[in-house]
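# Report on the structure
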Amino acid sequence: MSEINSDLMLRASFKYLDRMSLKRDETLLIITEPPTDRRVAQALFDAALQKGAQPILSMTPYRGEHNMDPAPTLVAAMKAADAAITLIPYESADFYTRPFLEMLQSGTRMLGFLSGTAESLISLIYKHDFLITDRICEILEEVISKAKTIRIISPKGTEIQADLGGRPVQLNPGRVSLPGDEGYLPPGVVGQAPLEESWAGKIVFDAFAYPVGVLRNPITLEVKEGWVTDISGGREADRFKEWFESRKDPNIYRTCHYGFGINPSLKRLSGLKFLDERMYGLFDIGFGTNDLPCFQGQIRANGHTDGLMTEASVFYDDVCIFEKGEFIHPGIQPYLKPA
Ligand SMILES: [Fe+2]
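Residues numbered from 1 in each chain as written. Predicted model: local features only at pLDDT ≥ 70, side-chain atom pairs only at ≥ 80, totals over all residues.

Moving on, we get to the sheet that holds strand S8 (residues 182-184). If you trace the five strands from one edge of the open sheet to the other, you get S2-S1-S3-S4-S8, paired in parallel fashion. Two strands lie at the open edges of the sheet, namely strand S2 (54-59) and S8, each paired on one side alone. Neighbour to neighbour, the strand axes of the sheet diverge by 20 degrees on average, direction disregarded. Across three bridges, strand S4 (residues 109-112) lies against S8 in parallel orientation. Across the sheet, residue glycine 112 finds its bridge partner in S8, namely tyrosine 184. (Pairing = 2+ DSSP bridges. Helix = DSSP H or I, 4+ residues; strand = E, 2+ residues; numbered from the N terminus. Axes fitted to C-alpha atoms, helices over the stretch in contact; angles between N-to-C directions.)

What follows is the structure, encoded as C-alpha coordinates:
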(Lines give C-alpha, C1' and ligand atoms only; values in the text may rest on other atoms or scores of the structure.)
Protein backbone atom coordinates (compact mmCIF):
# COMPACT_ATOMS: atom_id res chain seq x y z
CA MET A 1 0.00 0.00 0.00
CA SER A 2 1.44 3.32 -1.01
CA GLU A 3 1.64 5.96 1.68
CA ILE A 4 -1.64 7.74 2.27
CA ASN A 5 -1.19 11.49 2.20
CA SER A 6 -3.61 14.37 1.85
CA ASP A 7 -2.88 14.78 -1.86
CA LEU A 8 -3.79 11.14 -2.57
CA MET A 9 -6.91 11.45 -0.42
CA LEU A 10 -7.97 14.54 -2.33
CA ARG A 11 -7.43 12.89 -5.71
CA ALA A 12 -9.41 9.85 -4.55
CA SER A 13 -12.18 12.16 -3.34
CA PHE A 14 -12.38 13.93 -6.70
CA LYS A 15 -12.84 10.52 -8.32
CA TYR A 16 -15.62 9.79 -5.80
CA LEU A 17 -17.38 13.09 -6.51
CA ASP A 18 -17.09 12.48 -10.27
CA ARG A 19 -19.04 9.25 -9.75
CA MET A 20 -21.87 11.36 -8.36
CA SER A 21 -21.64 14.14 -10.98
CA LEU A 22 -21.26 16.77 -8.28
CA LYS A 23 -21.49 20.23 -9.80
CA ARG A 24 -20.60 23.77 -8.74
CA ASP A 25 -23.08 25.33 -6.29
CA GLU A 26 -24.78 22.04 -5.46
CA THR A 27 -25.25 21.22 -1.80
CA LEU A 28 -23.57 18.02 -0.65
CA LEU A 29 -24.47 16.51 2.71
CA ILE A 30 -21.78 14.21 4.12
CA ILE A 31 -23.25 11.98 6.84
CA THR A 32 -20.86 10.42 9.33
CA GLU A 33 -21.29 8.30 12.41
CA PRO A 34 -18.29 7.18 14.46
CA PRO A 35 -16.29 4.96 14.14
CA THR A 36 -16.28 5.88 10.44
CA ASP A 37 -12.94 7.27 9.34
CA ARG A 38 -13.01 11.06 9.62
CA ARG A 39 -10.11 11.36 7.17
CA VAL A 40 -12.48 10.24 4.41
CA ALA A 41 -15.16 12.74 5.40
CA GLN A 42 -12.64 15.58 5.57
CA ALA A 43 -11.12 14.75 2.18
CA LEU A 44 -14.56 14.58 0.51
CA PHE A 45 -15.49 17.87 2.17
CA ASP A 46 -12.30 19.55 0.90
CA ALA A 47 -12.70 18.13 -2.61
CA ALA A 48 -16.34 19.30 -2.80
CA LEU A 49 -15.29 22.77 -1.69
CA GLN A 50 -12.59 22.89 -4.35
CA LYS A 51 -15.18 21.97 -6.96
CA GLY A 52 -17.24 25.00 -5.96
CA ALA A 53 -19.98 22.92 -4.33
CA GLN A 54 -21.44 23.58 -0.88
CA PRO A 55 -20.51 20.70 1.42
CA ILE A 56 -22.05 20.20 4.86
CA LEU A 57 -20.46 17.72 7.21
CA SER A 58 -22.71 16.05 9.80
CA MET A 59 -21.97 13.59 12.58
CA THR A 60 -24.52 11.65 14.59
CA PRO A 61 -23.97 9.33 17.57
CA TYR A 62 -23.25 5.63 16.94
CA ARG A 63 -26.36 3.49 16.47
CA GLY A 64 -24.86 0.06 15.77
CA GLU A 65 -28.16 -1.40 14.67
CA HIS A 66 -29.78 -1.73 11.26
CA ASN A 67 -32.83 0.25 10.21
CA MET A 68 -32.93 2.84 13.00
CA ASP A 69 -34.37 6.12 11.72
CA PRO A 70 -31.86 8.96 11.43
CA ALA A 71 -32.51 11.97 13.72
CA PRO A 72 -35.26 14.31 12.42
CA THR A 73 -32.90 17.29 12.05
CA LEU A 74 -30.60 15.18 9.90
CA VAL A 75 -33.55 13.88 7.89
CA ALA A 76 -34.54 17.47 7.06
CA ALA A 77 -31.01 18.14 5.77
CA MET A 78 -31.00 14.84 3.80
CA LYS A 79 -34.16 15.90 1.99
CA ALA A 80 -32.95 19.44 1.34
CA ALA A 81 -29.55 18.52 -0.16
CA ASP A 82 -28.88 18.05 -3.87
CA ALA A 83 -26.59 15.13 -3.11
CA ALA A 84 -25.61 13.09 -0.08
CA ILE A 85 -22.83 10.72 0.93
CA THR A 86 -23.43 8.30 3.76
CA LEU A 87 -20.19 7.24 5.43
CA ILE A 88 -21.85 5.48 8.35
CA PRO A 89 -20.70 2.08 9.63
CA TYR A 90 -22.34 -0.87 7.90
CA GLU A 91 -23.92 -2.09 11.14
CA SER A 92 -25.89 1.17 11.32
CA ALA A 93 -27.17 0.95 7.72
CA ASP A 94 -30.55 2.68 7.53
CA PHE A 95 -31.41 2.36 3.85
CA TYR A 96 -34.57 0.36 4.51
CA THR A 97 -36.04 3.13 6.70
CA ARG A 98 -38.83 5.45 5.60
CA PRO A 99 -36.81 8.69 6.07
CA PHE A 100 -34.13 7.28 3.78
CA LEU A 101 -36.71 6.47 1.10
CA GLU A 102 -38.25 9.92 1.53
CA MET A 103 -34.84 11.50 0.99
CA LEU A 104 -34.57 9.76 -2.39
CA GLN A 105 -38.16 10.65 -3.25
CA SER A 106 -37.44 14.29 -2.50
CA GLY A 107 -34.80 14.22 -5.25
CA THR A 108 -31.56 13.90 -3.32
CA ARG A 109 -29.12 11.58 -5.08
CA MET A 110 -27.00 9.47 -2.76
CA LEU A 111 -23.73 7.62 -3.19
CA GLY A 112 -22.79 5.78 -0.02
CA PHE A 113 -19.50 4.33 1.19
CA LEU A 114 -20.38 2.24 4.22
CA SER A 115 -17.63 1.64 6.78
CA GLY A 116 -15.30 3.50 4.43
CA THR A 117 -11.72 4.07 5.52
CA ALA A 118 -8.85 6.07 4.06
CA GLU A 119 -7.22 2.80 3.06
CA SER A 120 -10.30 1.47 1.25
CA LEU A 121 -10.93 4.86 -0.39
CA ILE A 122 -7.52 4.47 -2.03
CA SER A 123 -7.54 0.74 -2.77
CA LEU A 124 -11.20 0.27 -3.77
CA ILE A 125 -12.09 3.63 -5.34
CA TYR A 126 -8.96 5.52 -6.35
CA LYS A 127 -7.23 2.45 -7.79
CA HIS A 128 -10.35 0.75 -9.13
CA ASP A 129 -10.89 0.67 -12.89
CA PHE A 130 -14.54 1.69 -13.18
CA LEU A 131 -14.52 0.94 -16.91
CA ILE A 132 -14.50 -2.77 -16.07
CA THR A 133 -17.45 -2.74 -13.69
CA ASP A 134 -19.41 -0.22 -15.80
CA ARG A 135 -19.01 -2.46 -18.85
CA ILE A 136 -20.05 -5.62 -16.98
CA CYS A 137 -23.15 -3.83 -15.71
CA GLU A 138 -24.12 -2.79 -19.24
CA ILE A 139 -23.72 -6.28 -20.68
CA LEU A 140 -25.47 -8.06 -17.83
CA GLU A 141 -28.38 -5.66 -18.02
CA GLU A 142 -28.78 -6.45 -21.70
CA VAL A 143 -28.64 -10.22 -21.15
CA ILE A 144 -30.83 -10.36 -18.05
CA SER A 145 -33.52 -7.98 -19.24
CA LYS A 146 -34.24 -10.24 -22.23
CA ALA A 147 -34.34 -13.49 -20.21
CA LYS A 148 -37.35 -15.27 -18.75
CA THR A 149 -35.74 -17.79 -16.39
CA ILE A 150 -32.61 -18.26 -14.33
CA ARG A 151 -31.05 -21.54 -13.20
CA ILE A 152 -28.13 -21.78 -10.79
CA ILE A 153 -26.06 -24.88 -10.09
CA SER A 154 -22.82 -25.48 -8.19
CA PRO A 155 -20.50 -28.44 -7.55
CA LYS A 156 -21.41 -28.31 -3.82
CA GLY A 157 -25.04 -29.09 -4.66
CA THR A 158 -26.90 -25.89 -5.53
CA GLU A 159 -29.66 -26.61 -8.03
CA ILE A 160 -32.32 -23.95 -8.12
CA GLN A 161 -34.37 -22.00 -10.62
CA ALA A 162 -36.78 -19.08 -10.80
CA ASP A 163 -38.90 -17.07 -13.25
CA LEU A 164 -37.76 -13.50 -13.81
CA GLY A 165 -41.17 -12.05 -14.64
CA GLY A 166 -39.77 -8.94 -16.31
CA ARG A 167 -38.45 -7.56 -13.03
CA PRO A 168 -35.79 -4.82 -13.35
CA VAL A 169 -32.09 -5.58 -13.28
CA GLN A 170 -30.47 -4.15 -10.16
CA LEU A 171 -27.15 -2.60 -11.14
CA ASN A 172 -24.55 -1.27 -8.76
CA PRO A 173 -21.99 0.53 -10.90
CA GLY A 174 -21.36 2.96 -8.04
CA ARG A 175 -22.54 6.00 -9.96
CA VAL A 176 -25.43 8.45 -9.43
CA SER A 177 -26.42 11.38 -11.60
CA LEU A 178 -30.19 11.90 -11.57
CA PRO A 179 -32.41 13.18 -8.73
CA GLY A 180 -33.31 10.28 -6.44
CA ASP A 181 -30.53 7.99 -7.69
CA GLU A 182 -29.08 5.67 -5.04
CA GLY A 183 -25.70 3.97 -5.28
CA TYR A 184 -22.84 2.56 -3.21
CA LEU A 185 -19.12 2.26 -3.50
CA PRO A 186 -17.24 0.11 -4.13
CA PRO A 187 -19.26 -0.98 -7.18
CA GLY A 188 -20.23 -4.57 -7.46
CA VAL A 189 -23.49 -6.44 -7.37
CA VAL A 190 -25.70 -7.05 -10.36
CA GLY A 191 -28.89 -8.75 -9.38
CA GLN A 192 -32.62 -9.11 -9.68
CA ALA A 193 -35.66 -10.17 -7.69
CA PRO A 194 -37.34 -13.03 -9.61
CA LEU A 195 -41.02 -13.79 -9.02
CA GLU A 196 -41.12 -14.74 -5.35
CA GLU A 197 -43.19 -17.94 -5.57
CA SER A 198 -41.27 -19.30 -8.56
CA TRP A 199 -38.05 -20.19 -6.70
CA ALA A 200 -37.69 -23.96 -6.33
CA GLY A 201 -34.71 -26.16 -5.51
CA LYS A 202 -31.71 -26.34 -3.24
CA ILE A 203 -29.12 -23.69 -2.32
CA VAL A 204 -25.70 -24.49 -0.87
CA PHE A 205 -23.70 -21.56 0.52
CA ASP A 206 -20.01 -22.35 0.96
CA ALA A 207 -18.40 -18.89 1.16
CA PHE A 208 -20.35 -16.57 3.43
CA ALA A 209 -23.68 -16.11 5.20
CA TYR A 210 -24.87 -13.04 7.07
CA PRO A 211 -24.55 -12.65 10.05
CA VAL A 212 -22.66 -15.94 10.49
CA GLY A 213 -19.57 -14.75 8.57
CA VAL A 214 -17.08 -16.51 6.34
CA LEU A 215 -18.03 -20.20 6.18
CA ARG A 216 -15.86 -23.21 6.93
CA ASN A 217 -18.69 -25.67 6.32
CA PRO A 218 -21.49 -25.39 3.78
CA ILE A 219 -25.06 -24.43 4.66
CA THR A 220 -27.87 -26.08 2.68
CA LEU A 221 -31.31 -24.53 2.23
CA GLU A 222 -34.31 -26.26 0.69
CA VAL A 223 -36.67 -23.89 -1.14
CA LYS A 224 -40.26 -24.67 -2.15
CA GLU A 225 -42.44 -22.10 -3.92
CA GLY A 226 -40.03 -19.43 -2.76
CA TRP A 227 -40.10 -20.40 0.92
CA VAL A 228 -37.11 -21.78 2.80
CA THR A 229 -38.39 -25.03 4.27
CA ASP A 230 -35.17 -26.38 5.79
CA ILE A 231 -31.71 -25.14 6.77
CA SER A 232 -29.09 -27.80 7.43
CA GLY A 233 -25.34 -28.29 7.88
CA GLY A 234 -23.10 -27.91 10.91
CA ARG A 235 -22.80 -25.31 13.64
CA GLU A 236 -22.76 -22.44 11.13
CA ALA A 237 -26.06 -23.66 9.68
CA ASP A 238 -27.49 -23.71 13.21
CA ARG A 239 -26.42 -20.09 13.73
CA PHE A 240 -27.93 -19.09 10.39
CA LYS A 241 -31.16 -20.84 11.37
CA GLU A 242 -31.21 -19.07 14.73
CA TRP A 243 -30.87 -15.71 12.98
CA PHE A 244 -33.91 -16.50 10.81
CA GLU A 245 -35.88 -17.49 13.93
CA SER A 246 -34.77 -14.35 15.75
CA ARG A 247 -36.50 -12.13 13.18
CA LYS A 248 -39.87 -13.50 14.36
CA ASP A 249 -41.38 -12.91 10.95
CA PRO A 250 -42.38 -15.66 8.50
CA ASN A 251 -41.51 -13.41 5.54
CA ILE A 252 -37.82 -13.64 6.39
CA TYR A 253 -37.97 -17.20 5.00
CA ARG A 254 -38.87 -15.97 1.53
CA THR A 255 -36.22 -16.09 -1.19
CA CYS A 256 -36.01 -12.56 -2.52
CA HIS A 257 -33.15 -11.92 -4.95
CA TYR A 258 -29.91 -13.12 -6.49
CA GLY A 259 -26.77 -11.25 -7.44
CA PHE A 260 -23.39 -11.58 -9.17
CA GLY A 261 -20.26 -10.21 -7.56
CA ILE A 262 -18.51 -8.37 -10.38
CA ASN A 263 -15.72 -6.42 -8.69
CA PRO A 264 -12.21 -7.76 -9.39
CA SER A 265 -10.60 -5.19 -7.05
CA LEU A 266 -11.95 -7.22 -4.11
CA LYS A 267 -9.55 -10.11 -3.83
CA ARG A 268 -10.40 -11.93 -0.62
CA LEU A 269 -13.34 -12.49 1.71
CA SER A 270 -13.49 -9.84 4.42
CA GLY A 271 -16.42 -11.11 6.48
CA LEU A 272 -18.25 -7.86 5.66
CA LYS A 273 -21.39 -8.66 3.67
CA PHE A 274 -21.53 -5.50 1.61
CA LEU A 275 -17.96 -6.10 0.37
CA ASP A 276 -18.02 -9.87 -0.01
CA GLU A 277 -21.21 -9.85 -2.09
CA ARG A 278 -19.41 -7.55 -4.55
CA MET A 279 -16.36 -9.76 -5.01
CA TYR A 280 -15.92 -11.15 -8.49
CA GLY A 281 -16.49 -14.89 -8.61
CA LEU A 282 -19.09 -15.11 -5.87
CA PHE A 283 -22.82 -15.54 -6.34
CA ASP A 284 -25.41 -14.26 -3.89
CA ILE A 285 -28.93 -15.36 -2.98
CA GLY A 286 -30.92 -13.23 -0.55
CA PHE A 287 -33.94 -13.61 1.76
CA GLY A 288 -36.43 -11.21 3.30
CA THR A 289 -37.25 -7.65 2.30
CA ASN A 290 -37.12 -6.85 -1.40
CA ASP A 291 -39.89 -4.24 -1.83
CA LEU A 292 -37.30 -1.62 -2.73
CA PRO A 293 -37.37 0.53 -5.87
CA CYS A 294 -34.30 -1.28 -7.27
CA PHE A 295 -35.94 -4.72 -7.01
CA GLN A 296 -39.65 -3.97 -7.28
CA GLY A 297 -40.27 -7.10 -5.24
CA GLN A 298 -43.24 -7.82 -3.00
CA ILE A 299 -41.68 -8.85 0.30
CA ARG A 300 -41.51 -6.70 3.40
CA ALA A 301 -39.88 -8.64 6.21
CA ASN A 302 -38.23 -7.89 9.52
CA GLY A 303 -34.80 -7.97 7.95
CA HIS A 304 -32.79 -9.15 4.99
CA THR A 305 -29.93 -11.58 4.69
CA ASP A 306 -27.70 -13.02 2.00
CA GLY A 307 -25.52 -16.04 1.47
CA LEU A 308 -22.67 -16.45 -0.99
CA MET A 309 -21.46 -19.43 -2.96
CA THR A 310 -18.34 -20.14 -4.99
CA GLU A 311 -18.18 -21.89 -8.36
CA ALA A 312 -21.79 -21.16 -9.31
CA SER A 313 -22.84 -21.71 -12.90
CA VAL A 314 -25.70 -19.51 -14.05
CA PHE A 315 -28.01 -20.05 -17.00
CA TYR A 316 -30.53 -17.63 -18.50
CA ASP A 317 -33.12 -19.47 -20.60
CA ASP A 318 -30.67 -22.40 -20.59
CA VAL A 319 -27.74 -20.36 -21.91
CA CYS A 320 -24.77 -20.35 -19.55
CA ILE A 321 -23.07 -16.96 -19.06
CA PHE A 322 -21.24 -17.69 -15.79
CA GLU A 323 -19.44 -21.00 -15.36
CA LYS A 324 -18.00 -22.20 -12.05
CA GLY A 325 -17.57 -18.66 -10.79
CA GLU A 326 -16.36 -17.02 -13.99
CA PHE A 327 -18.12 -15.05 -16.70
CA ILE A 328 -17.89 -16.85 -20.02
CA HIS A 329 -20.02 -14.31 -21.90
CA PRO A 330 -17.78 -13.17 -24.79
CA GLY A 331 -18.55 -9.48 -24.13
CA ILE A 332 -17.38 -9.71 -20.51
CA GLN A 333 -14.52 -12.21 -20.62
CA PRO A 334 -11.88 -9.83 -22.03
CA TYR A 335 -12.33 -7.54 -19.02
CA LEU A 336 -11.72 -10.16 -16.38
CA LYS A 337 -9.22 -12.70 -15.27
CA PRO A 338 -10.20 -15.60 -13.01
CA ALA A 339 -10.57 -14.59 -9.37
FE1 LIG B 1 -29.27 -9.06 -0.41
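Only one face of strand S13 (residues 219-224) is buried, namely the one carrying Ile219, Leu221 and Val223, since none of Thr220, Glu222 and Lys224 on the opposite face is buried. One ladder, built from five bridges, connects strand S10 (residues 200-205) with S13; its direction is antiparallel. What sits directly across from glycine 201, in S13, is valine 223. A loop of two residues connects S13 with strand S14 (residues 227-233), the two strands running antiparallel in sequence, and glutamate 225 in this loop sits at a positive phi of about 45 degrees. (Buried ≥ 20, exposed ≤ 12 C-beta atoms within 10 Å, placed from the backbone.)

Annotation of the protein chain at the domain level lists domain 1 (6-126) and domain 2 (130-336). With centres defined by C-alpha atoms, the gap from domain 1 to domain 2 works out at 26 Å. The partner domain 2 presents 17 residues to the 18 residues of domain 1 that form the contact. Listed by contribution, the elements that provide at least two residues to the side of domain 1 that touches domain 2 are helix H4 (98-105), S4 and helix H5 (118-126). The leading source of residues in the side of domain 1 that touches domain 2 is S4, at four residues. The residue makeup of the side of domain 1 that touches domain 2, split by class, is eleven nonpolar, five polar and two charged. (Domains from an automatic or database assignment. Contact = placed C-beta atoms within 7 Å. Nonpolar A, V, L, I, M, F, W, Y, C, P; charged D, E, K, R; others polar.)

Taken together, the seven strands give an open sheet; going across it, the order is S7-S9-S15-S16-S17-S11-S12, and neighbouring strands pair in antiparallel fashion. Two strands bound the open sheet, and with one partner strand each, they are strand S7 (169-171) and strand S12 (213-214). Across three bridges, the pairing between S7 and strand S9 (residues 189-192) is antiparallel. Residue pairing across strands places valine 169 opposite glutamine 192, the latter belonging to S9. The sheet contacts of helix H6 (residues 130-146) involve S7, S9 and strand S15 (255-261), and relative to S7 the element is tilted by about 170 degrees.

Here glutamate 245 lies in helix H7 (residues 235-246). Residue class for glutamate 245 comes out exposed when judged on the 11 C-beta atoms lying within 10 Å of it. Remark: the alpha-carbon pair of glutamate 245 and glutamate 33, spanning 212 residues in sequence, is separated by 30 Å.

Counting residues in each nonpolar core, the largest one holds 47 residues, and the members touching the most others are Phe205, Ala209, Ile219 and Phe283. If sequence neighbours within four positions are ignored, isoleucine 219 has contacts with Phe205, Ala209, Ile231, Gly233, Glu236, Ala237, Phe240 and Gly307. By size, the runner-up hydrophobic cluster in this structure holds 37 residues, among which are Ile30, Val40, Phe45 and Leu114. (Core = buried A, V, L, I, M, F, W, Y, C linked by C-beta atoms within 7 Å.)

Compared with the 18 Å implied by 1.5 Å per residue over 13 residues, the 18 Å span of helix H2 (residues 38-50) between its first and last C-alpha is a close match. Buried residues of H2: Val40, Ala41, Ala43, Leu44, Phe45, Ala47 and Ala48, and no others. Residues of H2 that are buried make contact with helix H1 (6-18), strand S1 (27-32), S2, strand S3 (83-86) and H5. Of the residues flanking the end of H2, it is glycine 52, one or two places downstream, whose phi is positive at about 85 degrees. (Expected span 1.5 Å × (residues − 1).)

This part takes up the environment of phenylalanine 240. Relative to the assigned elements, phenylalanine 240 resides in helix H7. Of the residues examined, phenylalanine 240 has 22 C-beta atoms within 10 Å and is grouped as buried. A sequence separation of 196 residues divides phenylalanine 240 from leucine 44, and the C-alpha atoms of the two residues are 38 Å apart. When neighbours within four sequence positions are excluded, phenylalanine 240 is seen to be in contact with Ala209, Val212, Ile219 and Ile231.

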